[in-house]
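Residue-level listing of the chains:
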Amino acid sequence: MKLIIFGPQASGKGTQAEKLAQEYNLKHVSPGAIMRHEIEQNTILGQKVKPYLEQGQLVPTNVILEIIQNALKNENDFILDGFPRDIEQALAFDKILSFDKAIFLKVPDKVSKERIQGRRECEDGHDYHILYKPPKIPGICDEDGKKLHMREDDKDNILNERLRIYHENTEEVIRHYESLGKIITINGDQTIEEVHQAIQRALN
Ligand code: AMP
């Protein structure tokens, strides 16, 4: 199965994508997570994309397409989380690959902003939420024992810019796939389990 998941910041895309990836044996591809890892490792790619992530700006399409193509090489089943993010990326993607369904998690900005306050991750990108997905020991990653912190780009001024770009660019992509009958809209303002069940019902 080939899926895409859309939604604003902190709509639960990453969490739901992880669950679906496990359940349906899909490769979970998040260009944002791949780039944060490259930045942590201080690779050439990491150095190139760092200024964009720090400012909450979209990384140039050619760079993102290369990341996506590498990540999807020889993959028949995947879930894309965070791509395509504007119409240029969507049209480029449409030329190279097709997919089955795109899940759109609908969440108001107010909820996005509230959720972001509690979002934490470790330097390897394992993510938590202090209320909805808490680690076993507060402030410590369950998987590798590393310290949890708030993402720099989740801080208020950068977050507002990311939400602005989402409304300006990504909603156009959602409309594009809606017109092709590919979108499943899910109310993302429910518990993690409720959202997951709603997605399962829609996919079945
Ligand atoms: P995310 O983890 O999806 O919230 O993405 C974090 C940041 O990575 C974004 O604010 C952008 O700077 C960059 N990014 C992630 N995905 C894309 C994409 N498809 N196109 C351009 N930039 C992206």
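Above this text sits the structure in question.
Quick caveat: nothing in here was measured; it's all calculated off a predicted structure. (Residues numbered from 1 in each chain as written. Predicted model: local features only at pLDDT ≥ 70, side-chain atom pairs only at ≥ 80, totals over all residues. Heavy atoms only, no water.)

## Regarding the pairing of strand β1 (residues 2-6)
To be explicit about the condition: When accessible area is computed with a 1.4 Å probe and restricted to protein chains, residues below 20% of their type maximum are described as buried, those above 50% as exposed, and intermediate ones as partly exposed. Per the convention used, a helix needs a DSSP run of H or I reaching at least four residues, while a strand needs a run of E reaching at least two, with both numbered from the N terminus. Should DSSP find at least two bridges between two strands, the strands are taken to pair.
Counting buried positions along β1 gives 4 out of 5 residues, so the element sits mostly inside the fold. As paired strands, β1 and strand β3 (residues 78-81) are joined by 4 bridges and run parallel to one another. Each bridged residue has a counterpart across the sheet, and for L3 the counterpart in β3 is I79. The pairing of β1 with strand β4 (residues 101-106) spans 4 bridges and is parallel. Considered in β4, the bridge of L3 is made with K101.

## Let's talk about the site of the ligand
Let me state the cut-off plainly: Proximity is defined per residue: any heavy atom of the residue falling within 4 Å of a molecule or strand makes that residue near it. In protein, a polar contact requires one atom able to donate a hydrogen and another able to accept it; more generally it is a pair of N or O atoms within 3.5 Å, and residues adjacent in sequence count only if both atoms are side-chain atoms. Here the open area of atoms and residues is found with the Shrake-Rupley method and a 1.4 Å probe, where only the protein chains shown may cover a residue. In this count, Pro and Cys sit with the nonpolar residues alongside Ala, Val, Leu, Ile, Met, Phe, Trp and Tyr, while Asp, Glu, Lys and Arg are called charged and the others, Gly among them, polar.
Residues in contact with the ligand amount to 17 residues; listed here are only the nearest, R36, Q57, G82, R85 and Q89. A distance of 2.8 Å separates an oxygen atom of the ligand from a polar side-chain atom of R36. In the complex, 96% of the free accessible area of the ligand, which totals 480 Å², lies under the protein chains. Mapped onto the shell around the ligand, the elements with two or more residues apiece are α2 (31-40) and α3 (44-55). Looking at the shell around the ligand element by element, the count peaks at 4 residues for α2. When its residues are assigned to classes, the shell around the ligand shows 8 nonpolar, 4 polar and 5 charged.

## Comments concerning the nonpolar core
Worth spelling out the cut-off: Put simply, buried Ala, Val, Leu, Ile, Met, Phe, Trp, Tyr and Cys residues joined by side-chain atoms within 4.5 Å make one nonpolar core. What makes two residues a contact is simply this: any of their non-hydrogen atoms within 4.5 Å.
Counting residues in hydrophobic clusters, the biggest one holds 27 residues, and the most contacted among them are F6, L80, F93 and Y177. When contributions to this core are tallied by element, the ones reaching two or more residues are β1, α3, α4 (61-72), β3, α5 (87-96), β4 and α7 (156-179). At 7 residues, α4 tops the list of elements feeding residues into this core. With near-sequence residues (within four places) excluded, F6 lies in contact with K13, P84, A102, I103, F104, L105, T170, V173, I174, Y177 and I183.

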